[in-house]
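# Examination of the molecular architecture
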Amino acid sequence: MAEATTKAVIDGMVSKDISLAGKTVLITGANTGIGYETAKDLAGRGAKVLMACRDSEKCTNAIDEIRKEVPNADLRPLDLDLASLESVRACAMVVNETEERLDILINNAGIMACPKWQTKDGFEMQFGVNHIGHFLLTNLLLELIKKSAPSRIVIVSSSGHYRGQMKWDDLMSEKDYVPFKVYSQSKLANVLFARKLSTMLKDTGVTCNSLHPGLVRTDLGRHFFNKDGVWNTVKYYITLPFVKAIFTTPLKGAQTSIYCAVAPELEKETGNYYTNCQKKEEAPAARSDEDADKLWEKTEEFIGALNKTAL
Ligand SMILES: NC(=O)c1ccc[n+]([C@@H]2O[C@H](COP(=O)([O-])OP(=O)(O)OC[C@H]3O[C@@H](n4cnc5c(N)ncnc54)[C@H](OP(=O)(O)O)[C@@H]3O)[C@@H](O)[C@H]2O)c1
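So, here is what we can say about the structure in this document. (Residues numbered from 1 in each chain as written. Predicted model: local features only at pLDDT ≥ 70, side-chain atom pairs only at ≥ 80, totals over all residues.)

Before going further, it helps to examine the nonpolar core. Of all hydrophobic cores here, the largest spans 85 residues; its most connected members are Ala 39, Val 49, Met 51 and Ala 52. No other element matches helix 4 (residues 125-147), which puts 11 residues into this core. Apart from residues lying up to four places away in sequence, Val 49 is in contact with Val 25, Ile 27, Ala 39, Leu 42, Ala 43, Asp 74 and Leu 75. (Core = buried A, V, L, I, M, F, W, Y, C linked by C-beta atoms within 7 Å. Buried ≥ 20, exposed ≤ 12 C-beta atoms within 10 Å, placed from the backbone. Helix = DSSP H or I, 4+ residues; strand = E, 2+ residues; numbered from the N terminus. Contact = placed C-beta atoms within 7 Å.)

The terminal C-alpha atoms of helix 5 (residues 179-200), which comprises 22 residues, lie 32 Å apart, in line with the 32 Å expected from a rise of 1.5 Å per residue. Along helix 5, 17 of the 22 residues are buried, which leaves the element largely enclosed by surrounding structure. (Expected span 1.5 Å × (residues − 1).)

Further remarks concern the sheet that holds strand 7 (residues 151-156). With respect to topology, eight strands assemble into an open sheet ordered 5-4-3-6-7-8-9-10, the strand pairing being mixed. Single-partner strands in this sheet number two, and they are strand 5 (74-79) and strand 10 (278-280). Averaged over neighbouring strand pairs, the angle between their axes works out to 25° when direction is ignored. Of the strand pairs in this sheet, strand 9 (residues 273-275) and strand 10 are connected by three bridges, and their pairing is antiparallel. Each bridged residue has a counterpart across the sheet, and for Tyr 274 the counterpart in strand 10 is Lys 279. Along the sheet face, helix 1 (residues 33-44) touches strand 3 (24-28), strand 4 (48-53), strand 5, strand 6 (104-107) and strand 7 and points at about 170° away from the line of strand 3. (Pairing = 2+ DSSP bridges. Axes fitted to C-alpha atoms, helices over the stretch in contact; angles between N-to-C directions.)

Right under this line is the structure:
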């Protein structure tokens, strides 16, 4: 007999009975992994899904794949490179000009443990994509999201945030670049951003929650788990059985994102962190309002031209 965790979740899967007919959703990084499964699921519930991806060919291929399983899926490709503020602004402009509503925004895209790269605007790549790009996108879409209330913002963070530390004097990791530490900082920034947003959006009918999707077999490990060169190939095949044993499928990994996006019991829940479709306490470092404020201010400074009246 199936065990119900909550009314919306049965055996770890979010009930298909929850309809999103008439709703519009935007998912970043929807062409693969957790974002792809989230897009497929929400389209299957009748939502119009805007798939915001940096590679239009991958996006079109993903749309074709989803339509094989969900023939009537209402999927729209959107160009979005979170490593370019110009691209983020262009994407938000298209959405604001063409969409009448935005009920659910899912900040899903992410990059992990890449080499010491920079975004087009000169930000450290992981902080720039995982935090700054999403920060700007969310702010530029906020009026539309508020207009569509009750609406939801879902931020895909990671349990890596528990190891995260905000290096206030070196947020761009110029002095010290340790790939996983830098990833953890960006994922802590995700939770702090969700905290600050949830406070700012109190009484607007817009909720904002963050989550850890679990350990999921996706392309996220591409920068360290790959077959580039002999040593990496050896490491790859030695590690593969462990990855297969421990990591779950993207479909299962998408369930907490889907839960935060659709569960009726979360309609008024905000400022929380979820994993396994359940509320969980975030790291102490993620519960600091002072740090959430500071991160907001610093990010505004980095972006410079952000329209402060957007909130
Ligand atoms: N997998 C896990 O075990 C795990 C655990 C904890 C948290 N997470 C989080 O889950 C989220 C989804 O990751 P995933 O596991 O599904 O990884 P994934 O398969 O690598 O998917 C990441 C997505 O983000 C996109 N992306 C990367 N850089 C981008 C940029 N500059 N602009 C726009 N999109 C960009 C990728 O596009 P391309 O395909 O074009 O590169 C891809 O669509 C991430 O936020 C990650 O931190 C995952």
